[in-house]
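Architecture at a glance
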Amino acid sequence: MNPITVQDLLGAGKHASMTGSALTEWAEKGAPKQREYLHGVLVAEHESRPESRRQRLPKAALLPAVKTLTGFGYSNVRFPEDQ
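Owing to the predicted nature of the structure, the values given are computational and were not obtained by experimental measurement.

**Description of the packing of helix α1 (residues 6-15) against helix α3 (residues 32-61)**
Axes are the key here: two packed helices are described by the angle between their axes and the distance separating the axes. Close contact between α1 and α3 brings their axes to 8 Å; oriented N to C, the two are set at 25°. With respect to α3, the element α1 is oriented roughly parallel. Crossing handedness for the pair α1 and α3: left-handed. Residue-level inspection shows Asp8, Leu9, Ala12, Gly13 and His15 of α1 in contact with α3, the latter providing Arg35, Leu38, His39, Leu42, Val43, His46 and Arg49. Class assignment for the residues of the contact of α1 with α3 results in 5 nonpolar, 4 polar and 3 charged.

This is how it looks when you write it as structure tokens:
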């Protein structure tokens, strides 16, 4: 496996909304294993965001509960004679 570079971390950090200066500082100080770990964390964060967004936004929208017609009694429904 190729070692994780500072540029790899900066690219992954942009997706995780982290500042480049902080990532550059820590990436330059870190050992190769630390960079690899940090890269994995940033990539996992980026990949989990769409699912978190799908779960969070409907709740934030305060939409009414989903309703179905399961159990609806159709026996009382009357249609006009001409239909």
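Picking up after the structure, the text goes on.
**Looking at the nonpolar core**
Membership of the largest hydrophobic core is limited to 8 residues, which are Ile4, Leu9, Leu10, Ala12, Ala16, Leu23, Ala27 and Leu42. No other element matches the 3 residues that α1 contributes to this core. Residues within four places of alanine 16 in sequence aside, it is in contact with Leu42, Glu45 and Arg49.

**Details of the environment of leucine 42**
Inspection of the secondary structure puts leucine 42 in helix α3. In sequence terms leucine 42 and alanine 16 are 26 residues apart; their C-alpha atoms lie 6.2 Å from each other. For leucine 42, the contacting residues outside a window of four places in its chain are Leu9, Ala12, Gly13, Ala16, Met18 and Leu23.

Rules of the game
Residues numbered from 1 in each chain as written. Predicted model: local features only at pLDDT ≥ 70, side-chain atom pairs only at ≥ 80, totals over all residues. Heavy atoms only, no water. Axes fitted to C-alpha atoms, helices over the stretch in contact; angles between N-to-C directions. Helix = DSSP H or I, 4+ residues; strand = E, 2+ residues; numbered from the N terminus. Parallel < 35°, antiparallel > 145°, perpendicular 65-115°, else oblique. Left-handed = near helix turned anticlockwise from the far one by under 90°. Contact = heavy atoms within 4.5 Å. Nonpolar A, V, L, I, M, F, W, Y, C, P; charged D, E, K, R; others polar. Core = buried A, V, L, I, M, F, W, Y, C linked by side-chain atoms within 4.5 Å. Buried < 20%, exposed > 50% of the residue type's maximum accessible area, 1.4 Å probe, protein only.

By themselves these figures say nothing about function.
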